[in-house]
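Observations on the three-dimensional arrangement
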Amino acid sequence: MPAAAALSTRERLIESARFLFWERGFAGTSMAELLAHAQVNSGSFYHFFDSKEALLRAVLEGYLELLRPMVVSPAFASARKPLERIFAILAGYRQRILATDSKYGCPLGRLALEIDPENAPAHALIAENFQGWIGAVRECLDEMKPALPPRTNLDDLASFVLVVMEGGVMLSRSYRSVEPFDRAVAQLREHFRLLLGAGTRGKSSRALR
């Protein structure tokens with residue numbers, strides 16, 4: 001988290017909420033804890049946000065803004081081939097798992113499970129965040145399309161990659177080990193190997209007709 005003095009009051013509140021909601025959950029973070037962490041008083045809070053839920057929405061909007069520069073762009077810059085870019089995104093989550101002694105939990109995944117289903121605005125923003133993640137993977141799959149079987153549903157495949165990441169992170173947190181994440185990613189790589197092999201065979205058989 002950036003130094004408090006370098007941030008505006010509003011930014012401090014959002015940064016503190018982002019950290020505390022990830023560490024303790026939305027319901028598990030009290031207003032007193034939030035104000036103390038951000039080093040602001042209640043008057044300052046209500047100057048910017050009319051409720052804790054409004055602050056939650058600001059946090060989720062911030063995740064949307066950070067997805068490309070913090071997650072996608074570094075992964076894409078580290079690999080040239082589209083398939084390896086997908087696995088570079090996953091490798092970034094593996095690093096987070098290792099850096100937290102396998103206590104890392106996807107902040108969006110945690111909020112998706114915790115936030116009341118009736119809180120439609122928050123869930124809409126969570127879904128938009130997930131869709132942005134899926135869209136980044138879909139960009140890679142679009143480049144790979146000629147090598148994949150012709151009936152491959154790229155949107156479904158991109159969603160499947162997200163499911164592997166979220167499930168792997170959750171299991172690693174529960175087992176306190178990166179091994180479940182590694183196993184899930186290994187199976188995803190095998191799935192791509194089989195898909196690409198089927199795509200190559202399909203092109204060969206069509207060429208013989």
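In short, a report on the structure. (Residues numbered from 1 in each chain as written. Predicted model: local features only at pLDDT ≥ 70, side-chain atom pairs only at ≥ 80, totals over all residues. Heavy atoms only, no water.)

With the rule as written, the count across this model stands at 11 salt bridges. One salt bridge in this structure joins Arg138 and Asp155, with 2.5 Å as the shortest N-O distance. Of this pair, Arg138 sits in helix α7 (residues 120–144) while Asp155 is found in helix α8 (residues 154–175), placing the two residues 17 residues apart along the sequence. Between Glu179 and Arg183 there is a salt bridge whose closest N-O contact spans 3.1 Å. In this pair, Glu179 and Arg183 both sit in helix α9 (residues 179–208), four residues apart, roughly one turn of the helix. By relative accessible area, Glu179 is classed as partly exposed at 46%. When salt bridges that share partners are traced, they join Glu23, Arg24 and Glu33 into one network. (Salt bridge = Lys/Arg side-chain N within 4 Å of Asp/Glu carboxyl O. Helix = DSSP H or I, 4+ residues; strand = E, 2+ residues; numbered from the N terminus. Buried < 20%, exposed > 50% of the residue type's maximum accessible area, 1.4 Å probe, protein only.)

Let's shift gears to unusual backbone geometry. If you check the backbone angles, Gln39 has positive phi at about 60 degrees while not being a glycine. For Gln39, the position within the fold is in the loop between α2 (31–38) and α3 (42–48). Of note, the phi angle at Ser102 is positive, near 65 degrees, even though the residue is not glycine. Note on placement: Ser102 falls in the loop between α5 (82–99) and α6 (107–114). Classification of Ser102 by relative accessible area gives buried; the value is 8%.

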